[in-house]
Amino acid sequence: AIRRIGENFDTQGADGGAKEGPMYGNYAATAIADMLWTLDSAGIEHDLFDHNYLRPLPRYCVTLLDPGSGQQPCFGDGGPGQGFGHMNLILALRGDPDAAWYCREIGMFDKPEPRTFVAMDPARIRPVEPDYNPSGCFVDIGYGILRDGFDPDAAFMAFKSGPPTRGIGHNHFDHNSFVISYAGSWIASDPGYRDYFHPARRKFTVSTLGHNTIILDMDEEYLADHTVGDLGHEQVKLTGGRISEFFAGEAHDYLCGDAAAAYNSDEVTVLERFDRQVVFVKPNVFFVRDTLAAPEEHAFTSLLHASRNNVLRLMDGAAQATSASCLMQVHPFSPDGISMSVATYPEAERYGAYLAATTARVRETTILTALIPRPHSELIINGGFEDGMLGWTPRTAKGQLPNHVIDTEVAHSGNASGRIDANGYYYTRPFYLPPGTRITVRWWGKATGEGAHGYIYHSAEGASVGRVELPGPTTDEWTQFEVTDTVPAGAQQTRVALQMFGEGGCWYDDVEVEADLEQPDAPPATVTPLGDGATGVVVEVDGLTHIMVCGEAGTLRTIEAAGHTIVIDAEIAVVTLGDGAPRGFVLRGETLTLDGDPVAVTDGEWRVTTEQ
């Protein structure tokens with residue numbers, strides 16, 4: 001049995017990580033952790049703890065843990081969640097501080113299960129926050145993580161390109177795809193576990209169409225065909241992608257994924273080049289640059305997916321993804337023009353909408369996209385239910401989800417309301433206000449039965465610290481209600497629940513929450529392309545100006561941007577102004593000046609190179 005476990009370890013990532021991803025990797029690791037615990041308890045000698053899979057496992061888990069959501073991302077079959085807790089507990093018992101810290105961060109010590117309780121030994125389990133930069137890459141499994149240290153208020157990107165050579169079960173055709181988390185939401189998402197039986201949903205979950213990467217010639221014929229791995233349009237290999245470069249720095253992270261080979265069969269070359277370069281300007285700006293080349297002309301489409309709980313809108317030549325807790329501005333540019341559309345895939349609408357940013361038909365092109373996650377300034381969003389259930393959590397217990405209906409025929413204002421038939425509730429997302437803050441809740445309601453009411457809930461660490469019951473409508477005429485409350489001492493979050501438990505039904509609309517506390521202003525970023533989008537882009541946000549410039553490495557050139565003169569000889573350069581001295585990032589270049597003065601380049605570490 002020990003030998004067989006060693007063989008399992010041999011099949012994992014050569015430079016760390018689980019080959020089948022966090023979800024399936026966790027399934028195996030949890031069972032193996034019990035075996036290791038048993039072996040140690042019985043005093044049976046083995047060398048499994050010295051294996052090159054277990055030794056870097058805590059760092060792999062620390063790197064993949066998004067501090068904003070408290071989850072690991074997941075590509076392929078699975079979804080974001082917490083994993084590897086039991087294996088890290090075993091490693092923590094052996095004195096690994098990273099493993100102990102990870103266990104603490106995912107809450108294993110707050111509400112321990114019996115196994116955790118029995119294993120606990122404070123003399124051996126000593127959590128210490130790691131002192132290394134947690135941005136990292138695992139080339140053999142194809143994961144790259146761009147993050148701002150352990151800052152929970154920063155954006156987090158998980159990137160997928162690989163495995164390079166080994167086809168793995170439960171993987172999807174998702175090379176050069178990514179997901180982004182911000183403010184606790186996966187604002188750029190992955191469809192998760194595949195659908196094995198429904199043709200349209202299987203195509204959407206497994207094929208390139210359902211992922212944040214590139215499609216060729218996404219026309220009606222392609223969309224109507226439910227083939228997975230459609231040669232000439234999408235990726236046809238589970239292998240062929242690779243993270244070819246990775247840099248982890250104090251102010252910038254960078255990676256490059258090479259995925260052209262995944263689109264080609266052994267007989268047909270569809271793509272000659274698909275390099276996706278990402279520069280993360282910490283804490284919350286991503287520049288994504290796609291360089292594409294093919295033997296024939298194609299219309300290249302860059303996809304960005306929102307989850308089923310999010311909304312995608314086109315806005316003045318750009319797009320915006322909105323979740324319950326944040327939004328993300330999406331600004332794509334190309335020298336060959338960009339047309340944008342938002343759609344859901346027929347018969348796979350449950351997975352949410354996607355943005356398609358498409359070039360003209362060309363053989364070679366670049367697409368440069370600025371992604372800027374932003375916080376909401378509103379305490380609640382979608383108070384009128386015009387965006388469906390975005391921002392609302394309905395009751396799912398006892399099969400009651402169907403009782404909750406977005407009614408587009410009955411509304412107090414706008415074109416929708418939230419209806420509850422018989423039993424259920426709509427919860428707002430949690431909002432966070434200091435104790436002593438006075439809040440006012442207003443809403444309109446009407447009912448055709450009895451039992452409509454609501455609550456303002458205040459809680460901390462999952463336990464109630466106070467609540468106020470709200471009145472509910474009793475007639476079939478729209479009536480406005482207003483209640484004022486004060487956030488009690490000890491409260492960490494507040495939610496409003498609008499409920500119906502009785503006979504008949506009720507409708508809610510135009511819900512507002514106001515606080516007598518000045519909320520931080522989060523104006524949208526201003527995004528301006530340099531030239532036609534091939535040269536670069538300027539992002540002005542939160543008092544900072546980020547200038548990204550692209551070109552040919554080794555060629556000295558001068559660019560006028562944001563009222564400044566920049567001289568570079570790099571393939572990519574980024575300059576940030578507005579917070580102390582200018583700082584920069586340079587890829588394959590030696591010169592970076594701003595108005596004649598050299599710009600200090602961010603410190604960091606190159607983790608992989610194209611030669612590896």
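What you see is a predicted model; the values in this text were computed from it and never measured. (Residues numbered from 1 in each chain as written. Predicted model: local features only at pLDDT ≥ 70, side-chain atom pairs only at ≥ 80, totals over all residues. Heavy atoms only, no water.)

A. Broad picture of the packing of helix α2 (residues 21-42) against helix α4 (residues 85-93). Where α2 contacts α4, the axes come no closer than 7 Å and their chain directions differ by 35°. The hand of the α2/α4 crossing is left-handed. Two secondary-structure elements touch here, α2 through N26, A29, T30, I32, A33, L36 and W37 and α4 through G85, H86, M87 and I90. In terms of residue class, the contact of α2 with α4 is built from seven nonpolar, four polar and no charged. (Axes fitted to C-alpha atoms, helices over the stretch in contact; angles between N-to-C directions. Helix = DSSP H or I, 4+ residues; strand = E, 2+ residues; numbered from the N terminus. Left-handed = near helix turned anticlockwise from the far one by under 90°. Contact = heavy atoms within 4.5 Å. Nonpolar A, V, L, I, M, F, W, Y, C, P; charged D, E, K, R; others polar.)

B. Here's a closer look at a nonpolar patch on the surface. On the surface, a nonpolar cluster with roughly 390 Å² of combined accessible area is contributed by Y193, Y196 and F197. Mapped onto the elements, Y193 comes out in the loop between β5 (185-188) and α7 (199-206). With relative accessibility at 33%, the residue Y193 sits in the partly exposed group. (Patch = residues over 30% accessible without salt bridge, like charges linked within 9 Å, V, L, I, M, F, W, Y side chains within 5 Å. Areas by Shrake-Rupley, 256 points an atom, 1.4 Å probe, with all protein chains shown as cover. Salt bridge = Lys/Arg side-chain N within 4 Å of Asp/Glu carboxyl O. Buried < 20%, exposed > 50% of the residue type's maximum accessible area, 1.4 Å probe, protein only.)

C. Local environment of the sheet that holds β5. An order of β1-β2-β3-β4-β5 is seen for the five strands of this open sheet, with the pairing classed as antiparallel. The strands lining the two open edges of the sheet, one partner per strand, are β1 (136-138) and β5. Neighbouring strand axes in the sheet, compared pairwise and without regard to direction, differ in orientation by 20° on average. Bridge count for strand β3 (residues 156-160) against strand β4 (residues 177-182) is five bridges, and the pairing is antiparallel. Paired with A158 across the bridge in β4 is V179. The strands that helix α3 (residues 57-64) touches are β1, β2 (143-147) and β3; relative to β2, the one it contacts most, it runs at about 55°. (Pairing = 2+ DSSP bridges.)

D. Local environment of the layout of surface pockets. The space that makes up the second largest pocket amounts to roughly 270 Å³. As for the second largest pocket, its lining consists of 18 residues, and the residues nearest its centre are Q320, L327, H376, E378 and I381. Elements represented by at least two residues in the lining of the second largest pocket include exactly β12 (318-322), β13 (326-333) and β15 (354-375). A per-class count over the lining of the second largest pocket returns eight nonpolar, six polar and four charged. (1 Å grid on protein atoms, 1.4 Å probe; cavity = no way out; pocket = protein on both sides within 12 Å on 5 of 7 lines; lining within 4 Å. Points joined across faces, edges and corners; volume = space filled by probe spheres on them.)

E. Highlighting the sheet that holds strand β30 (residues 583-587). With respect to topology, six strands assemble into an open sheet ordered β24-β25-β26-β29-β30-β33, the strand pairing being mixed. Every interior strand has two partners, whereas the edge strands, β24 (526-530) and β33 (600-601), have only one. Pairing of β30 with β33, which is carried by two bridges, proceeds in the parallel orientation. Paired with G584 across the strands is V601, a residue of β33.

F. Summary view of the environment of R363. Inspection of the secondary structure puts R363 in strand β15. Sequence-distant contacts of R363, that is, excluding residues within four places in its chain, are made with L292, A293, A294, P295, E296, E297 and F300. Separated by 3.3 Å, the side chain of R363 and the backbone oxygen of P295 make a polar contact. (Polar contact = N/O pair within 3.5 Å; in protein donor to acceptor, adjacent residues only side chain to side chain.)

G. Quick look at the pattern of salt bridges. For the structure shown, the criterion picks out 26 salt bridges. Close ionic contact of R94 with D40 constitutes a salt bridge, the shortest N to O distance being 3.9 Å. With R94 in the loop between α4 and α5 (97-105) and D40 in helix α2, this pair connects stretches of sequence that are 54 residues apart. What makes D40 partly exposed here is its relative accessible area of 37%. One salt bridge in this structure joins R442 and E514, with 3.2 Å as the shortest N-O distance.

H. Helix α1 (residues 2-10), seen in detail. Within α1 the residues assigned to the buried category are I5, G6 and F9. The arc enclosing the buried residues of α1, seen along the axis, measures out at 105°, which places them on a common side. Exposed residues pointing more than 90 degrees away from the buried face of α1 are listed as R3, R4 and D10. In the core, the buried residues of α1 are packed alongside α2. (Arc of directions from axis to C-beta.)

I. Structural view of a negative patch on the surface. A surface patch of negative charge is lined by D219, E220, E221 and D225. Counting through the fold element by element, D219 comes out in the loop between β6 (214-216) and α8 (220-224). Relative accessible area serves as the criterion here: at 34%, D219 is assigned to the partly exposed category. (Lys, Arg positive; Asp, Glu negative; His and termini not counted. Charge placed at Lys NZ, Arg CZ, Asp CG, Glu CD.)

J. Main features of the environment of H458. Along the polypeptide, H458 turns up in strand β20 (residues 452-460). Here the alpha-carbon distance between H458 and P430, two residues 28 residues apart in the chain, equals 9.4 Å. Excluding anything up to four places from it in sequence, H458 contacts A463, S464, V465, G466, D485, T486, V487, P488, A491, Q493 and T494. Looking at H458, its side chain comes within polar contact range of the side chain of D485, at 2.6 Å.

K. Just unusual backbone geometry, in detail. The peptide bond linking G162 to P163 adopts the cis configuration, its omega dihedral lying at 0°. Turning to its location among the elements, P163 is positioned in the loop between β3 and β4. The peptide bond linking K282 to P283 adopts the cis configuration, its omega dihedral lying at 10°. By secondary structure assignment, the location of P283 is in the loop between β9 (273-281) and β10 (285-305). Located in the positive-phi region is N382, a residue other than glycine, with phi close to 60°. With respect to the secondary-structure elements, N382 resides in the loop between β15 and β16 (392-394). Positive phi values are uncommon outside glycine, yet D510 reaches one of about 50°. Within the fold, D510 resides in strand β23 (residues 493-515).

L. Molecular detail of the state of the cysteines. For the structure on display, the rule yields zero disulfides. Cysteine C256 is unpaired, with the sulfur of C137 as its nearest cysteine sulfur at 12 Å. Given a relative accessible area of 5%, C256 falls into the buried group. (Disulfide = S-S within 2.5 Å.)

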